[in-house]
Amino acid sequence: MTELAPAHPLAPAWLQVPADPATLDPVVFTSQYARDDTGCVTVDSVPVTEIAARHGSPSYVVSERTFRDRARGFREAFEAALNPLGVELEVYYASKALLNTAVARWATEEGLNIDTASGGELAVALAAGVAPGRIALHGNNKSAEELDRALEVGVGRIVVDSLAEIELVARLARDRGTRAPVMIRVTPGVHASTHEFIATAHEDQKFGLSLNPVQEGEDSPALVAVAACVHASDALDLRGLHCHIGSQIFAAEGFGQAAERVFALRETVAERWDVTLPEIDLGGGHGVAYTAADSPREVAAIAADLAPLLTSVLESSDLPTPHLSFEPGRFIAGPSGCTVYTVGTVKTVTVSPGVQRRYVSVDGGMSDNARPVLYDADYTAVLANRVSEESPVLSRVVGKHCESGDIVVKDVYLPGDVTAGDLLVVPVTGAYCWSLSSNYNWLPRPGIVAVAPDGATREIVRRESLTDLLARDTGGVSRPARSRGASHIVPRHRAGRRPAAPTGPRPPAGRGPTH
């Protein structure tokens, strides 16, 4: 290889010129990745060239082995750290990170429950055969239809997010002659060091009920919610308290501070109403490495750091030790997946005199990974179908969308001879990439290819086609409504009688309405 050039003036400080751009940094390329004798990147020994040839490009690729190992490893690490404290616990997979019926089965087979955040996610978990009692339903604006479906199937918990929802759940439960198992989501006011849009425990945001009173001397919104649940005990089985401080968090201190405040509320509830809440959910948000700038921690270290913080909280209480639960999503799904792209146009632009940037365009973009444009998220990439002897060049990997912000990887060093037809692999796309995907510019979404432990590959979510996209376009012609089954929550006016037809004169034939 030729001598390395100095760091590029446009490169971020954390990005170093690689001695060998073919190297797979183990910080982000976890154990499922390697290069074979030809230099091709493999996922659990399957060459990505084979995956692209068989399943198409771009493709999301998920290692079933890695997903299962991380799910099981999280549960076992927290059990090992907290069981000696007398803590019984459960782990809920936060399925918003990545959900389909195969993934739901992998999680439950590894001893995890499923956390859902909509009627659609609930439907997928049920379709996967997950026992309803092992499903939680979250959400800050759950519809009556979603809540009624949760009660109908008998989910294990409904996490209520507002006083209005508490009243709604109680009414629906009374209508069904049952008691709804509920937890109250509270905002403990812990400011996690993460992006503003994924920090969820501070006061100025849509989730949960504050632990702080609006006026001095008043009860906090969280206490008002507890009172509402206690007074509706004929319809509500108040199981406990829930909090979530954010996402992509690397330190345990935030979780410890949240635990202190939530446990203090539990003490107040016991003193005022003589009610001992049996469960506490401390949420998820454990971080992963997307680039060399991130410092991920082994799950055993995370759990070990949390144990003494919880010990202090538990020792200060005279109440029975509550049943704890945690909700990892990104931590499990993120490193389990990658995206395989095919390179198209490569161009170099002059940014300023003597300073150039190379743009490497691929056959996907912000429609299959919205995180860079939403959260300014960083990723990395490698040339995947071969090894090059060319020196690395600072590159920006971009998509094919009609949008200047359509960036996949902002800054990465790739070999100087990357060209059309090459394959790139972007790691750690298992979480919140397929989940946030879209059809912007009418691009069909990629399929999700699972690599089984025995090396077999299969699509667990089918690649979309233009036929799929056009099938929803009615051309302005009304079509009879079709039953959507449990996978779709139908608004009441569509489930029952049709809305009244509009009154007034109709526009002349061949013309739209006049305004």
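Residues numbered from 1 in each chain as written. Predicted model: local features only at pLDDT ≥ 70, side-chain atom pairs only at ≥ 80, totals over all residues. Heavy atoms only, no water.

### Digging into the sheet that holds strand E2 (residues 41-43)
Here comes step 1: Spatial ordering of the open sheet is given by E1-E2-E3, a layout of three strands whose pairing is antiparallel. The outermost strands of the open sheet, each flanked by one partner alone, are strand E1 (33-35) and strand E3 (46-47).
Here comes step 2: As judged from the two bridges shared by E2 and E3, these two strands associate in the antiparallel manner. Residue Thr42 lies in a different strand from E3, and its bridge partner there is Pro47. (Pairing = 2+ DSSP bridges. Helix = DSSP H or I, 4+ residues; strand = E, 2+ residues; numbered from the N terminus.)

### Looking at the pattern of salt bridges
Here comes step 1: Taken as a whole and assessed by the stated rule, the structure comprises 28 salt bridges.
Here comes step 2: In this structure, Asp237 and Arg239 form a salt bridge, with 3.6 Å as the shortest nitrogen-oxygen distance.
Here comes step 3: Assessed through its relative accessible area of 22%, Asp237 is described here as partly exposed.
Here comes step 4: A salt bridge links Arg386 to Asp422, with the shortest nitrogen-to-oxygen separation between them at 2.9 Å. Linking Arg386 in the loop between strand E16 (382-383) and strand E17 (392-398) with Asp422 in the loop between strand E18 (407-415) and strand E19 (423-427), this pair joins segments that are 36 residues apart in sequence. (Salt bridge = Lys/Arg side-chain N within 4 Å of Asp/Glu carboxyl O. Buried < 20%, exposed > 50% of the residue type's maximum accessible area, 1.4 Å probe, protein only.)

### Quick notes on the environment of Ile249
Here comes step 1: Structurally, Ile249 is set in the loop between strand E11 (236-242) and helix H8 (253-273).
Here comes step 2: Looking at Ile249, the relative accessible area reads 8%, which means it is buried.
Here comes step 3: On a C-alpha basis, the gap between Ile249 and Pro296 in space is 9.2 Å, while along the polypeptide they are 47 residues apart.

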